[in-house]
Each structure stands twice: as structure tokens, then as C-alpha cells.
Amino acid sequence: MVRVAPRALSLNAYVQAQEDQGVNTKRRVFSGVQPTGQLHIGNYLGAIKQWITGLELSENIFCIVDLHSITVPQDPVKLRRQIREVAAILLASGLDQAKCSLFVQSHVAAHCELAWILNCVASMGQLSRMTQFKAKADAAKENARVGLFTYPTLMAADILLYHTDAVPVGADQKQHVELTRDLAQQFNNTFGETFKMPAPVIPAMGARVRGLDDPTKKMSKSDPVWGHAIRMLDTPEDVVKKLKSAKTDSGSDILFDENRPGVNNLLTIYLGFRGGTRESVEAHFTGKGYGALKAEVAEAVNEGLRPIRERTNQLLQDEGELDRILRIGADRVRGEAEATMTKVRSRVGLG
């Protein structure tokens, strides 16, 4: 039998489809973010701002997936610092624990336990077909970690523990959600109805921010070039310096134009922080030069990041408060995760 993969809908389309079927309760959405690299304005405009908007649309669980990050070598001191930094930035940006659940994956042991059980359900063939594993393993050759191979079953555990309805994913992760559905169905068929079937959804599209040094490429957390990205915690002075050196294009008109990626990228960043429409932004810059454009983009970015920087630094300096907030998130989801595991253990005959 040929398996038909579930079609990824936009989140709004998914919600509408649920309502059309008479499902009126808030859908549960699970999102994970790896604490590797430093969050930048591309992450903020492209994803975090959309997550904040979605807080009123769905019941949201946000997980800092630190266990996923160690599938490749990490410096322990740096990783621990980055976990806290990512948590602080997300909280400072508006992911309020009163409106969602934000927690660190390794703080809830059920993720590892369910991942092992799903490892015993998944086949070598299923995991070998994961394109991300093949791409990363080819680069690492025989030094590829076993955890990299079983990464998708841990992701499946993350999702299935919480009876998730929808998982926002990009094209590179959609295959993993399809595997999650397969494993849930295999488990249900073998041991009895246990897991909900999650749907992959396309997250609301935020600004597509490109690298300042090369606007033909997406802004990346891992790019080592100093002027490539504006980090969320960059100083105002560094923001100004990076934007002054940002690559522009030939010509003088300041217009949104995909064929002039440098100027287009700067306008996209300005629009993301200032708001308005493309037409109003273009009208604002009519008759102005690239120097004025870069200066105003820097001003807009610094004004937008200032309250986030300030709150992030407060949280990072008050370790007890940050720990308390993250503990709230972990405590909130741990009970449900353990309830799921109690059922799973009974189903498979453990304990």
C-alpha cells in the first residue's frame, strides 16, 4: 500500500478546517527551538513575532530542545549559557508563561523515555530514509553520532507526549512529522489507541531576512562572519556598524525589488520593525540615499530590540528568577507527559 503523506496546511487554514469539522476548542501547537548559535533578527521577524501573534489563536507549547542539540558535539559551558540565553530572549520577546508553556526539554525526563520506546517501534529502514540524517551523516562519515540517526524518534516523542494537534515546520522538517504520524499509527495499531495524530502546518510567514554580507543567502545563526547577522543582544553601536557595512546594489532608487537583494533586505528589516506597508515604506525613502536608509534601519532595529535586550539582560542577571519561570513551564507540562507515559508503559507491558 502506498502511504499518502499528509499535506501541510497553513496554521490559519488548519484552524479553519478544524472549525469546519465542528472542533471549537483551541488547537494545541508544539514548537521546538534548538539552543545552538545566537538568535538574530531573522529569527525574531521570521518566527518569534509570529509565535507571539499565535498565542491568541492556539494553545502553545514551546520547548527549548537542548537534547536535540547534542546530536553533534557541543561545548558544555557554551551550551548551558545558550540554553539560558534563548530562554531569556523568548520570554523577553513576549512568550509569557501566562499565555503559553515554555520549558527546557531535558527538564522533563519523559521525553527520553518515550524516545527509547519509539526507537523500539521504528525500523532501521524508516530512520535511514530521513534526508536530514543522510545529509549530515555524509559530512561526518563514520564519526556521525548514533543520536543523529535517532533524532527523529526524539522529535516524535516531543510531539506525541502532549497530544499535539499541529506542528509548525519548514520543508526540511516536514518528513520528521510524517514519521511521527507513522510511529503513532504503528504504536496504536499494535498496542491500542494511545497517541493523537499530529498535522504538519506551515507557520505564518514572517519577514525573510537575508545576510547583511550576502543578501542572496538566508541570515544564519551559524555563520561566523561578524557582519553577517544582527544578533538579538548586539549592542546599539554594533547594530549601526553592521548596517553601515551591509551590502547594497547598483542604482539609487530605494524600492522593494527581489532583483536588488541588498536594498530589498534592508527595506524588509525596516518594515519588520516599523510596520506599515511596502508602499508607505517606499514613499518614506523617496529621494533619500543609501546612507539615510542604513541609518534609519539601524534606528528602527535598535528601538525594536531595546526593550527585549533590557528584559533579557535582567533575566540573565537574575538566575533565580529565570529558573523560577522555566520551572513553571516544566511543571505545567510534566504532569501531562507523565500521564502519557503511564499509559504507554501499561500498553507495552513495562513496570
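Presented here is a report on the structure given in the accompanying data block. (Residues numbered from 1 in each chain as written. Predicted model: local features only at pLDDT ≥ 70, side-chain atom pairs only at ≥ 80, totals over all residues. Heavy atoms only, no water.)

1. A short note on the overall build of the protein chain
Condition: Segments assigned H or I by DSSP are reported as helices when at least four residues long, segments assigned E as strands when at least two residues long, and all are numbered from the N terminus. Throughout, the radius of gyration refers to the C-alpha atoms, and the reference size of a globule is 2.2 Å times the residue count to the power 0.38. In this scheme, a residue with accessible area under 20% of its type's maximum is buried, one over 50% is exposed, and one in between is partly exposed, where area comes from a 1.4 Å probe on protein chains only. The contact criterion used is simple: two residues touch if any of their non-hydrogen atoms lie within 4.5 Å. Working definition of accessibility: Shrake-Rupley area with a 1.4 Å probe, residue cover restricted to the visible protein chains.
Per the secondary structure count, the protein chain includes 14 helices and 6 strands. Relative to the globule expectation of 20 Å for 351 residues, the C-alpha radius of gyration of the protein chain, 22 Å, shows essentially globular dimensions. Once the C-alpha set of the protein chain is aligned to its principal axes, its extents read approximately 70 × 50 × 50 Å. Across the 351 residues of the protein chain, 47% fall into the buried class. The long-range fraction of contacts in the protein chain, counting pairs at least 24 apart against all pairs at least 6 apart in sequence, stands at 75%. Total accessible area computed for the protein chain in this model is approximately 17,000 Å², and 52% of it derives from carbon and sulfur atoms.

2. A look at the side chain of Thr340
Its location among the elements puts Thr340 in helix H14 (residues 319-348). Beyond its immediate stretch of four places on either side in the chain, Thr340 contacts Leu160, Leu161, His163 and Phe195.

3. Some thoughts on the side chain of Asp158
Here Asp158 is to be found in helix H8 (residues 146-160). Take Asp158: its relative accessible area is 2%, and that puts it in the buried class.

4. Remarks on the environment of Ile202
Here Ile202 is to be found in strand E6 (residues 199-202). Between the C-alpha atom of Ile202 and that of Gly170, which follows or precedes it by 32 residues, the distance is 6.7 Å.

5. A word on unusual backbone geometry
In this structure, His163 takes a positive phi of about 50° despite not being glycine. Structurally, His163 can be placed in the loop between H8 and strand E5 (166-168). Looking at His163, the relative accessible area reads 27%, which means it is partly exposed.

6. Digging into the pattern of salt bridges
Should the charged atoms of two oppositely charged side chains come close, the side chains can pair. For clarity, the threshold we go by: Should a side-chain nitrogen of Lys or Arg be within 4 Å of a carboxyl oxygen of Asp or Glu, the pair is scored as a salt bridge.
Across all of its chains, the model carries 14 salt bridges by this definition. With its nearest N and O atoms 2.7 Å apart, the salt bridge here joins Glu113 to Arg345. Pair noted here: Glu113 is in helix H5 (residues 110-119) and Arg345 is in helix H14, with a separation of 232 residues, a long-range link. Taking relative accessible area as the criterion, Glu113 reaches 29% and is therefore assigned partly exposed. Lys242 is the salt-bridge partner of Asp234, the closest N and O atoms lying 2.7 Å from each other.

7. Here's the deal with the pairing of strand E2 (residues 28-33)
Just so we agree on the cut-off: Strand pairing is defined by DSSP finding a minimum of two bridges between the two strands. Viewed with both strands pointing away, a crossover whose connecting path from the first strand over the helix to the second turns clockwise is right-handed.
Across the 6 residues of E2, 5 count as buried, placing the element largely inside the fold. Strand direction decides the pairing type here: E2 and strand E3 (residues 59-64), joined by 6 bridges, are parallel. Residue pairing across strands places Gly32 opposite Cys63, the latter belonging to E3. In this fold, the crossover linking E2 to E3 by way of helix H2 (residues 41-54) has right-handed handedness.

8. Overview of the packing of aromatic side chains
Aromatic ring pairs are described here by two measures, namely the spacing of the ring centres and the angle between the planes. Note the threshold: Pairing of aromatic side chains requires ring centres within 6.5 Å, counting the rings of Phe and Tyr and the six-membered ring of Trp. Pairs whose planes differ by under 30 degrees are stacked, by over 60 edge-to-face, and all others tilted.
Applying the stated rule across the entire model yields 7 aromatic pairs. Here the aromatic rings of Phe30 and Tyr162 are separated by 6.2 Å at their centres, their planes lie at 10°, and the arrangement is stacked. Residue Phe30 is found in strand E2, and its partner Tyr162 is found in the loop between H8 and E5; the two are separated by 132 residues along the sequence. When the centroid spacing of 6.0 Å and the interplanar angle of 70° are considered together, the rings of Phe103 and Tyr162 count as edge-to-face.

Note that all results are geometric; they support no functional claim without further evidence.
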